Amino acid sequence: MAVGIVPLRREEQHLNLVPKSDIRFRQTNSYDGNAIKRLYHADNIDVLNALTFDADVCGKVILIYIDPPYNTGGAFETRDFKHAYNDCFTIQNYLSFMRERLELMHRLLSDEGSIYVHLDSNMVFHIKLMMDEIFGMANFKGMITRKKCKSKNFTRKTYGNISDYILFYSKTDNPIWNRPYEEWSDEKVLKEYPYIEEQTHRRYKKVPIHAPGIRKGATGEVWRGMMPPEGKHWQFTPDKLDEMDAKGEIYWSANGNPRRKVYYDRSNGVPVQDIWLDYLDVNNQNTLITGYPTEKNLDMLKRIIETSSRPGDLVLDCFAGSGTTLVAAEELGRQWIGVDIGDEAVLAIKKRFKNGSKPLGDYVKKKAKQQIQLDLFEEEKLGEDNTCLGFVSTCFDFYEEVF
Ligand SMILES: C[S@@+](CC[C@H](N)C(=O)[O-])C[C@H]1O[C@@H](n2cnc3c(N)ncnc32)[C@H](O)[C@@H]1O
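Residues numbered from 1 in each chain as written. Predicted model: local features only at pLDDT ≥ 70, side-chain atom pairs only at ≥ 80, totals over all residues. Heavy atoms only, no water.

### Looking at the side chain of H233
Here is step 1: Along the polypeptide, H233 turns up in strand β14 (residues 232–234).
Here is step 2: Leave out the neighbours within four places in its chain, and H233 touches I209, H210, A211, P212, G213, I214, R215, T219 and P228. (Helix = DSSP H or I, 4+ residues; strand = E, 2+ residues; numbered from the N terminus. Contact = heavy atoms within 4.5 Å.)

Following this line, the structure appears as structure tokens:
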């Protein structure tokens, strides 16, 4: 990726802490010297706390995406067999770990902001209740079910678990929302828009010109000698319906029933629904990855960022991992703040910004040579009593590592 690096800042005076590393990245095109692009190598509780005192950030974050530990009870390694992070809490510890961070995130969000929390079935329901409390039930916008991988051939007596979940909340009832659309497939177009207008050859479908609701004002009046059916009103005023009819946009059936023509060429696409099937994490040997475990699909992050922020807005991921959110934000011209406590995560992010990612196949060859199984996560559970948090951040010693 084409980014240059400006010198490391020695300290964050206003944050009153010296992160292990705080690196600023510079966009090659239209770089705004004041843009916030920060990576903290630290425990996010300290950074989030500090950011609540940062006037450039607090109340200005438009989008938070987090993919925190899921409390799988396992430990994660990179594809190079380095320890990445532990994911082993008691439920109580996990909940207080999440609560104190989510409360701070709530404070950092702008009134136009949204938060997406990516989890699996282990903790999603616990965290849903917690988020209802912190963000308000009225601000729950939905739960996205994502297909995360191809089908599994489980030997266990249960269904293959191929999905995870993203809880989506806004701070208020006025979040940034750029409705996402998917392209129509040829098959769907034929099904949804089956008619072709003779004169123009435009493809269209027919829909009623009335809708359920109370009749009041012009939309409840007679049009062409007809009243809307019982309990319904016209979708448009009679004047507007006349105008549409004059343009040939009303279809009249043989028995004089009017219907509105909705043209395919006016459609923005299929509005995206809350089941996402196209964002598998690793698809094939050519998929570009960083080698950091639990790396998420870059296109999925781009969809979230494009939907819930505008160019120039500030995006925060305080469980940044391999930096998928940060890269997506960078590529989409957003400002960003990333935080991760892990050495391997920060290394992966730096490498990714400098050199991009490598095909999965490169790691598979290595795996064959070393005869080590990489997909140990499901099997490798730590004991019940092992309540390790594993993320002991002793100090924020600063180190200068320029690639
Ligand atoms: C599931 S991974 C995130 C993966 C990321 N979404 C990606 O695409 O690569 C969770 C990350 O949270 C980090 N983490 C866990 N506890 C943390 C803490 N207290 N402060 C900062 N980072 C933390 C871990 O080091 C790990 O990299």
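What follows continues from the structure just given.
### With respect to the nonpolar core
Here is step 1: With 40 residues, the main nonpolar core has L102, I115 and I127 as its most contacted residues.
Here is step 2: If you list the elements that add at least two residues to this core, you get α1 (44–51), β4 (61–66), α2 (91–108), β7 (109–119), α3 (124–135), β9 (163–170), β20 (314–317) and β21 (335–340).
Here is step 3: Considering every element that reaches this core, the biggest residue donor is α2, with 7 residues.
Here is step 4: Counting 25 residues, the second largest nonpolar core, distinct from the first, contains L63, Y65, A328 and A329. (Core = buried A, V, L, I, M, F, W, Y, C linked by side-chain atoms within 4.5 Å. Buried < 20%, exposed > 50% of the residue type's maximum accessible area, 1.4 Å probe, protein only.)

### Considerations on the side chain of T290
Here is step 1: Looking at the secondary structure, you find T290 in the loop between β19 (288–289) and α6 (298–308).
Here is step 2: By relative accessible area, T290 is classed as buried at 16%.
Here is step 3: Looking at T290, its side chain comes within polar contact range of the main-chain nitrogen of Y292, at 3.0 Å.
Here is step 4: Within the local environment of T290, its side chain forms a polar contact with the side chain of E295, the two groups lying 2.6 Å apart.
Here is step 5: Residues within four places of T290 in sequence aside, it is in contact with E295, S322, R352, S357 and Y363. (Polar contact = N/O pair within 3.5 Å; in protein donor to acceptor, adjacent residues only side chain to side chain.)

### Describing the packing of α6 against helix α7 (residues 324–331)
Here is step 1: Axis separation between α6 and α7 bottoms out at 9 Å; the angle between their running directions is 55°. Classified by the angle between their axes, α6 and α7 sit oblique to one another. The handedness of the crossing between α6 and α7 is right-handed. Residue-level inspection shows L298, L301, K302 and I305 of α6 in contact with α7, the latter providing T324, T325, V327, A328, A329 and E331. (Axes fitted to C-alpha atoms, helices over the stretch in contact; angles between N-to-C directions. Parallel < 35°, antiparallel > 145°, perpendicular 65-115°, else oblique. Left-handed = near helix turned anticlockwise from the far one by under 90°.)

### A few points about the packing of aromatic side chains
The description of an aromatic ring pair rests on the distance of the ring centres and on the angle between the ring planes.
Here is step 1: As enumerated under the stated definition, the model contains 18 aromatic pairs in all.
Here is step 2: Ring plane angle 20° and centroid distance 6.4 Å describe the contact between Y85 and Y292, whose orientation is recorded as stacked. Taken together, the residues Y85 in strand β6 (residues 83–87) and Y292 in the loop between β19 and α6 connect sequence positions 207 residues apart.
Here is step 3: Relative accessible area serves as the criterion here: at 7%, Y292 is assigned to the buried category.
Here is step 4: Among the aromatic residues, those joined into a ring-pair cluster are F89, Y94, F97 and F319.
Here is step 5: The ring of Y195 has K206 lying over it, and the distance from NZ or CZ to the ring centre is 3.9 Å. (Phe/Tyr/Trp six-rings, centres within 6.5 Å; stacked < 30°, edge-to-face > 60°. Lys NZ or Arg CZ within 6 Å of the ring centre and 35° of its normal.)

These figures capture arrangement, not role.
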